[in-house]
Amino acid sequence: MNILIVDDEVIIRQWFAMMIKGFNNPNLIVAGAAKNGAEALEFCRNHRIDLVVTDIKMPVMDGLEFIKCLKDELPQIKTIILTAYDEFEYALKAIKYGALDYMLKSETEAGYLEKLLVQVYKELQEEDNPHLYKDDLLKIFNKQYYVLRNLCLSDIIKNGAVADVFARKKEMFNISIEDSNIIFGIVKVRPKRDMIEEEYKGDQDLFRFAVINIMEEILTERFANNCGFYYDDNHFVYLFNTNRKSEKELRENMIFVVNKLYYAIETYLKSKIYVCGTISKDNIGTLHRRMDGLFKAVSYQSFYDLDHLCIFEDMQLAYESDHFKSYSQKLAENLEANDVEEIRKNIEAFFEEIKNDKKVKPEEVQKISMAFLSMLFAKITTYMKGEHAIDAKSSIVPYEKMLTLEECEKHVNAMLEKLMVTLNHSCRCLSQQIVLALAYIHKNYSQDIALNEVAHFVNMNRSYLSELFKKEIGDNFINYLTAYRMNKSKKLLRETNLSINEIAERVGYHNISYFTKIFKKYVDMTPRDYRKQ
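Residues numbered from 1 in each chain as written. Predicted model: local features only at pLDDT ≥ 70, side-chain atom pairs only at ≥ 80, totals over all residues. Heavy atoms only, no water.

Visitor: Give a detailed account of the overall build of the protein, specifying residues and quantitative values.
Guide: Across its full length, the protein carries 23 helices and 10 strands. Burial status across the protein gives 47% buried among its 533 residues. Of the contacts formed within the protein by residues at least 6 apart in sequence, a portion of 69% connects residues at least 24 apart. (Helix = DSSP H or I, 4+ residues; strand = E, 2+ residues; numbered from the N terminus. Buried < 20%, exposed > 50% of the residue type's maximum accessible area, 1.4 Å probe, protein only. Contact = heavy atoms within 4.5 Å.)

Written out as structure tokens, the structure reads:
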């Protein structure tokens, strides 16, 4: 299949040519490149071209005019268009002129491009079956129409729209909604694990289309003017017009819609939904003002697994509290002291208080949970050496796996169990002399202690203790003592009003200048700056 690349930017032409050549597919051949529609049309007249990949906005002759000319003069040549987010209308027109597909420049990936080109090649091989080709083309058109409609509606909601612009979009995308007296809401859909992969063969668009069909079917039962569309990250937006005036009637409308949605999506799509909707009427140009609030509300609702319907006007959104951040500080102290019982109690207390309160912002809980995971993981890695080293990839939990309070607690507790196993293993591995040496350091770090004293305390030769300490702890005596003192000084800087001179004395440094120098080396800032942050 001979391919022509058309774009006014030379770097884009070179980029696409390199990607296609990199596929090492003998059926995909880059036959040429052109910088505008006129040059491309002339090239097509003089060469055998099967597929054109073309930009829309170009000088001399733009992509739309070029595609129209191809359709009239060389209809056997297939076209795929390149577009940007602000070119939805052009993309739609191009598809109507016969373009097979479109690609967003900012999101084009090699895997998707190769799959698309191979599909076009197969279609060219099946040209002898016109009915099959027509059906496939219709499927492609419908899919792209659905995507463009979603992008258009999302753009209107995000940025607002004046009446004449909305009227034009309505006609173009067959949107059945008037621009005033609008009630709207956000539906967050949470599919059961692997459901999309199993039921929809991994086709996210097909799943989203099914959600939208259910939404619009239910809305149409009660409201003539309505629409639903995919927004992002399994969030969908519904809108409908209503002439109801009383709050009671508006609430009844909302409850009717949401309950029907809930049972239909749970039954047919095996998915759970959370809906946050308004009972205050808006016009199309003002919806975006409340969109961020609704997104935060539905995220809060799903994070704490609240009721499937929340009325936005009734909700008291979560507040931030520095109180919960103290759990991270307590955990750091417990970890430093290897106090297993206190570590567990601290984590249990945090999640118990969150469950009882349910007023902390989800992102705050997620942030603290991630901090817990990081601290627990860091503690584990200090003990797991050599062949016992922990597999970091299997232990790091991605943020997107902690979308609910239940998931946060589950992953933190799983890491806690790994720490327990690690500490048990570590305690069995440490010799009695090193356990005694550590205890001596932790008790006397504020004094001028030296390795000789510790060796005498554990009844060992100084050189042998130094060697054993490095082997079992993974660092030498001086570095371990200094790190321990720095951690203690950070705690005192955070939690007390002691002067820096007093803190230096308490952690074993009688020279303030030397203490400041060591602190800056380990913490990368002065004690004064650390206290201010």
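Moving on from the model shown.
Visitor: Kindly report on the nonpolar core, identifying the contributing residues and their values.
Guide: Val187, Tyr238, Leu239, Leu261, Ile347, Phe350 and Leu376 are the most contacted members of the largest nonpolar core, which totals 97 residues. Sequence-distant contacts of Val187, that is, excluding residues within four places in its chain, are made with Met215, Asn234, His235, Phe236, Tyr238, Leu261, Ile273, Tyr274 and Val275. Judged by nonpolar contacts, the second largest core, of 34 residues, contains Ile434, Leu451, Met460 and Leu493. (Core = buried A, V, L, I, M, F, W, Y, C linked by side-chain atoms within 4.5 Å.)

Visitor: Can you tell me about the sheet that holds strand 3 (residues 51-54), naming the residues and giving the values?
Guide: A sheet is described by the order of its strands in space; here 5 strands give the open sequence 2-1-3-4-5, paired in parallel fashion. With partners counted over all chains shown, the strands left at the sheet margins are strand 2 (29-34) and strand 5 (101-104), one partner each. Strand-to-strand twist across the sheet, computed as the mean angle between neighbouring axes with direction ignored, equals 20°. Summarising the sheet, strand 1 (residues 2-6) and strand 2 pair through 5 bridges and their orientation is parallel. Its bridge partner being in strand 2, Ile5 is matched across the sheet by Ala33. With respect to the sheet, helix 3 (residues 63-73) is in contact with strand 1, strand 3 and strand 4 (78-83), its orientation differing from that of strand 3 by roughly 165°. (Pairing = 2+ DSSP bridges. Axes fitted to C-alpha atoms, helices over the stretch in contact; angles between N-to-C directions.)

Visitor: Outline the packing of helix 18 (residues 451-458) against helix 19 (residues 462-473), supporting the account with residue identities and numerical values.
Guide: In a pair of packed helices, the angle between the axes and the distance between the axes together describe the arrangement. Packing of helix 18 against helix 19 leaves a shortest axis separation of 9 Å and a crossing angle of 95°. Overall, the two elements helix 18 and helix 19 adopt an arrangement that is roughly perpendicular. Each of Leu451, Asn452, Val454, Ala455 and Val458 in helix 18 lies in contact with helix 19, whose residues at this interface are Arg462, Leu465 and Ser466. Considering only residue class, the contact of helix 18 with helix 19 consists of 5 nonpolar, 2 polar and 1 charged. (Parallel < 35°, antiparallel > 145°, perpendicular 65-115°, else oblique. Nonpolar A, V, L, I, M, F, W, Y, C, P; charged D, E, K, R; others polar.)

Visitor: Describe a negative patch on the surface, naming the residues involved and giving the relevant values.
Guide: There is a patch of like negative charges on the surface, built from Asp339, Glu341, Glu342, Glu348 and Glu352. Its location among the elements puts Glu342 in helix 13 (residues 340-357). Residue classification places Glu342 among the partly exposed positions, given a relative accessible area of 33%. (Patch = residues over 30% accessible without salt bridge, like charges linked within 9 Å, V, L, I, M, F, W, Y side chains within 5 Å. Areas by Shrake-Rupley, 256 points an atom, 1.4 Å probe, with all protein chains shown as cover. Salt bridge = Lys/Arg side-chain N within 4 Å of Asp/Glu carboxyl O. Lys, Arg positive; Asp, Glu negative; His and termini not counted. Charge placed at Lys NZ, Arg CZ, Asp CG, Glu CD.)

Visitor: Describe the packing of aromatic side chains, naming the residues involved and giving the relevant values.
Guide: Inspection of the entire model under this criterion finds 20 aromatic pairs. Ring plane angle 70° and centroid distance 5.1 Å describe the contact between Trp15 and Phe16, whose orientation is recorded as edge-to-face. Its relative accessible area of 1% is what places Phe16 among the buried residues. Seen in terms of ring centroids, Tyr300 and Tyr304 are 5.2 Å apart; in terms of plane orientation they differ by 65°. Their pairing is edge-to-face. Owing to a relative accessible area of 8%, Tyr300 belongs among the buried residues under this scheme. Three or more aromatic residues link up through ring pairs in this structure, and these residues are Tyr445, Phe469, Phe477, Tyr480 and Tyr484. The ring of Tyr230 has Arg208 lying over it, and the distance from NZ or CZ to the ring centre is 4.1 Å. (Phe/Tyr/Trp six-rings, centres within 6.5 Å; stacked < 30°, edge-to-face > 60°. Lys NZ or Arg CZ within 6 Å of the ring centre and 35° of its normal.)

Visitor: Residue-level account of the pattern of salt bridges, with values.
Guide: For the structure shown, the criterion picks out 15 salt bridges. Salt-bridge contacts for Lys260 lead to Glu221; the nearest nitrogen and oxygen are separated by 3.3 Å. Taken together, the residues Lys260 in helix 10 (residues 247-268) and Glu221 in helix 9 (residues 204-222) connect sequence positions 39 residues apart. Because the salt bridges share partners, they merge into one network encompassing Glu42, Arg45 and Glu73.

Visitor: Report on the sheet that holds strand 8 (residues 235-241), specifying residues and quantitative values.
Guide: With respect to topology, 5 strands assemble into an open sheet ordered 7-8-6-9-10, the strand pairing being mixed. The open sheet has two edge strands with one neighbour each: strand 7 (226-232) and strand 10 (309-311). In this sheet, adjacent strand axes meet at a mean angle of 20° when their direction is disregarded. Bridging between strand 9 (residues 271-277) and strand 10 involves 3 bridges; their strand directions are parallel. Across the sheet, residue Val275 finds its bridge partner in strand 10, namely Leu309. Relative to the sheet, helix 10 contacts strand 6 (182-191), strand 8, strand 9 and strand 10, its axis offset from that of strand 9 by approximately 165°.

Visitor: With reference to specific residues and values, describe the side chain of Thr404.
Guide: Mapped onto the fold, Thr404 is located in the loop between helix 15 (392-395) and helix 16 (405-429). Exposure remark for Thr404: the relative accessible area of 7% places this residue in the buried category. Within the structure, the side chain of Thr404 is placed 3.1 Å from the backbone nitrogen of Glu407, a separation counted as a polar contact. With sequence-adjacent residues up to four places away left out, Thr404 is seen in contact with Arg190, Ser302 and Phe303. (Polar contact = N/O pair within 3.5 Å; in protein donor to acceptor, adjacent residues only side chain to side chain.)

Visitor: Please provide a residue-by-residue account of unusual backbone geometry, values included.
Guide: Here Asn24, not a glycine, exhibits a phi torsion of approximately 55°, which is positive. Within the fold, Asn24 resides in the loop between helix 1 (10-22) and strand 2. Overall, the relative accessible area of 68% leaves Asn24 in the exposed class. Here Asn181, not a glycine, exhibits a phi torsion of approximately 55°, which is positive.

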